[in-house]
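What follows is each chain in one-letter form.
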Amino acid sequence: MTIQLAKKINAKIICADSRIIYKNFDIVSAKPTVEERENIVHYLIDIIEPYQEFSAGDFVKLAKEIINNIDENIIISGGTWFYIKSLLDNKALIECPKNQKLRDELNLLDNNILWEKLNSLDSKRASLIHPNNKDKIIRSIEMCLYLNQPVSEMKREDNFNYEAKWFMPEMERDELYQRINQRVDLMINQGLFEEWEKNNKLYPNNEIMKNTIGYSEFFEYEYKEAIEKIKQHTRNFAKRQLTYFKSAKHIIKINSLNDILNEI
């Protein structure tokens, strides 16, 4: 639907996805092929290698540069809700420099130990992050230590307010789960396991791979069980997002492309 919308309103697309940015993460991120893009310009695809770190702050910086330098309509599309929220929120992200030495030290710790450490520093923020999301936990600890206070208590400055409309497909949970299961089966048929094997050789001991749904399961489980775990973890992720979307009054529920066109 995104590409069809872009054609209708003469728009370019900014991909807001924390995995689509990585080279060689093609099947696992459901990255659109060149043919599937149908000559519509897509930004922020294949921009870095999987051993390079990339944060919501990095996304916001690059996305703002794109928006401020083109005159066409912009569609921001993707599965990383925090990227989109950070860009369009009326409050700016809190700036905090990276501390590589601290990150290296924290990266040696077990996920549960890390989560407990964050919980002791900022229980409110910890409650919003799954213990398996190691990158986000480490970043949150880094911010708490740098700011010398809980991140959740920091007052954020006003952000530039883009004129944006927010849309999401209207879908019942059962239908969503069914689509997720079918999508995972398609990814397997497209060669998801083979892609994981290839990237595991290209990027050995890669933390980003180990924290990516669709790859992480192959590190922990046998093939058949891993497939079921991918479906389960994706459903869990979707459930958390769906719960938020249903409570967000500014997000417009749509069933078709015409619903969007009528709104704009």
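To be clear, the structure that these remarks concern was listed above.
Just so we're clear, the structure is a prediction, and the values are computed from it rather than from any experiment.

Draft legend 1. Broad picture of the overall build of the chain. For the chain, the count of helices and strands is 13 helices and five strands. Counting every position in the chain, which comprises 264 residues, the buried fraction comes to 42%. Split by element, the accessible area of the chain, about 15,600 Å² in all, is 47% carbon and sulfur. In the chain, which carries 38 positive and 41 negative side-chain charges, the distance between the mean positions of the two groups comes to 3 Å.

Draft legend 2. A look at the state of the cysteines. What the rule picks out here adds up to zero disulfides. The structure places no disulfide on cysteine 96, whose sulfur is separated from the nearest cysteine sulfur, that of cysteine 144, by 9.2 Å.

Draft legend 3. Layout of the nonpolar core. Phe59, Leu87 and Leu192 are the most contacted members of the largest nonpolar core, which totals 47 residues. For this core, the secondary-structure elements that each account for two or more residues are helix H2 (56–68), helix H3 (81–88), strand S4 (166–169), helix H8 (173–190), helix H9 (192–202), helix H10 (207–210) and helix H12 (223–247). In this structure, leucine 87 is in contact with Phe59, Val60, Ala63, Lys64, Ile67, Ile76, Asn159 and Tyr162, ignoring residues within four places of it in sequence. Among the nonpolar cores identified, the runner-up in size contains 16 residues, and Ile94, Ile129, Met143 and Val151 belong to it.

Draft legend 4. Main features of the layout of surface pockets. The space that makes up the second largest pocket amounts to roughly 150 Å³. Considering the residues around the second largest pocket, the lining is formed by Asp26, Ile27, Ala30, Lys31, Pro32, Thr33, Glu36, Arg183 and Gln190. Classifying every residue of the lining of the second largest pocket gives three nonpolar, two polar and four charged.

Draft legend 5. Expanded view of the side chain of asparagine 199. Secondary-structure assignment places asparagine 199 in helix H9. Sequence-distant contacts of asparagine 199, defined by excluding residues within four places in its chain, comprise Asn24, Phe25, Met209 and Tyr215.

Draft legend 6. Representation of the environment of serine 127 in the model. Tracing the backbone shows serine 127 in the loop between helix H6 (123–126) and helix H7 (134–147). Residue classification places serine 127 among the exposed positions, given a relative accessible area of 54%. A polar atom in the side chain of serine 127 sits 2.5 Å from the backbone oxygen of lysine 124.

Draft legend 7. Expanded view of the sheet that holds strand S1 (residues 11–15). In spatial order, the strands read S2-S1-S3; together these three strands make up an open sheet with parallel pairing. Since the sheet does not close on itself, it has two edges, and those belong to strand S2 (42–43) and strand S3 (73–77), each with one partner. Of the strand pairs in this sheet, S1 and S2 are connected by two bridges, and their pairing is parallel. The residue bridging isoleucine 13 from the neighbouring strand is histidine 42, located in S2.

Draft legend 8. Highlighting the packing of H8 against H12. Between H8 and H12, the shortest axis-to-axis distance is 10 Å and the interhelical angle comes to 140°. Relative to H12, the element H8 is oriented oblique. In terms of crossing hand, the pair formed by H8 and H12 is right-handed. The segment H8 lies against H12, with Arg173, Leu176, Tyr177, Ile180, Asn181, Val184, Asp185 and Ile188 engaging Tyr223, Ile227, Ile230, Lys231, Thr234, Arg235, Ala238, Lys239, Leu242 and Thr243.

Draft legend 9. Spotlight on the pairing of S4. Side chains of S4 alternate between two faces, with Trp166 and Met168 buried and Phe167 and Pro169 left unburied. By the bridge criterion, four bridges tie S4 to strand S5 (residues 251–254) in an arrangement that is parallel. Bridged to phenylalanine 167 within S5 is isoleucine 252.

Draft legend 10. Broad picture of the packing of aromatic side chains. Using the criterion set out here, one finds 12 aromatic pairs in the structure. For the pair tyrosine 22 and phenylalanine 25, a centre-to-centre distance of 5.4 Å together with 50° between the ring planes defines the contact as tilted. Phenylalanine 25 carries the same exposure label as tyrosine 22, and that label is buried. Ring geometry for phenylalanine 218 against tyrosine 223: centres 6.3 Å apart, planes inclined by 20°, an arrangement best described as stacked. Judged by relative accessible area, which is 37%, tyrosine 223 ranks as partly exposed. Members of the aromatic cluster, joined through ring pairs, are Phe193, Trp196, Phe218, Phe219 and Tyr223.

Draft legend 11. A look at the packing of H2 against H3. Between H2 and H3, whose axes approach to 9 Å, the crossing angle comes to 55°. Viewed along their axes, H2 and H3 adopt a mutual orientation that is oblique. Relative to H3, the crossing made by H2 is right-handed. From H2, Ala56, Phe59, Val60, Ala63, Lys64 and Ile67 reach across to H3, where they touch Phe82, Tyr83, Ile84, Ser86 and Leu87.

Rules of the game
- All chains use their own residue numbering, which begins from 1 and follows the written sequence.
- Side-chain atom pairs in this predicted model are given and counted only at pLDDT of 80 or more, local residue features only at pLDDT of at least 70, and totals for whole chains, interfaces and linings cover all residues.
- Processing note: side-chain calculations cover all non-hydrogen atoms of the structure and skip hydrogens and water entirely.
- Numbering of helices and strands runs from the N terminus, with a helix taken as a DSSP run of H or I at least four residues long and a strand as a DSSP run of E at least two residues long.
- Throughout this description, buried means an accessible area under 20% of the type-specific maximum (1.4 Å probe, protein chains only), exposed means over 50%, and partly exposed covers the range between.
- Surface accessibility in these figures is a Shrake-Rupley result with a 1.4 Å probe; residues are shielded only by whichever protein chains are displayed.
- We score Asp and Glu as negative and Lys and Arg as positive, and we do not count His or the chain ends.
- Think of each charge as sitting on NZ of Lys, CZ of Arg, CG of Asp or CD of Glu.
- In this description, the term disulfide denotes a pair of cysteine sulfurs within 2.5 Å.
- Buried residues of nine kinds, namely Ala, Val, Leu, Ile, Met, Phe, Trp, Tyr and Cys, make up a nonpolar core once their side-chain atoms join them within 4.5 Å.
- In this analysis, two residues are considered to be in contact whenever any of their non-hydrogen atoms come within 4.5 Å of each other.
- For cavity detection a 1 Å grid was placed over the protein atoms alone, and a set of points counts as a cavity when a 1.4 Å probe fits there but cannot get out; an open set counts as a pocket when protein lies on both sides within 12 Å along at least five of seven lines, with lining residues being those that have an atom within 4 Å of a point.
- Grid points are joined across faces, edges and corners, and a volume is the space filled by probe spheres set on the points.
- We call Asp, Glu, Lys and Arg charged. Ala, Val, Leu, Ile, Met, Phe, Trp, Tyr, Cys and Pro are nonpolar, and the rest, Gly among them, are polar.
- Polar contacts here mean pairs of N or O atoms no more than 3.5 Å apart (in protein, one a potential hydrogen donor and the other a potential acceptor; neighbouring residues in sequence count only if both atoms are side-chain atoms).
- Should DSSP find at least two bridges between two strands, the strands are regarded as paired.
- Each axis is a line fitted through C-alpha atoms, taken for helices only over the stretch in contact, and angles between the N-to-C directions span 0 to 180 degrees.
- By definition in this entry, angles of less than 35 degrees are roughly parallel, angles greater than 145 are roughly antiparallel, angles of 65 to 115 are roughly perpendicular, and the rest are oblique.
- The sense of a crossing depends on the near helix, which, turned anticlockwise from the far helix by less than a right angle, makes the crossing left-handed and, turned clockwise, makes it right-handed.
- Classification of ring pairs uses Phe, Tyr and Trp, with its six-membered ring standing for Trp, and accepts pairs whose centres are within 6.5 Å; under 30 degrees between planes counts as stacked, over 60 as edge-to-face, and the remaining range as tilted.

Any functional reading would require information beyond the geometric quantities listed.
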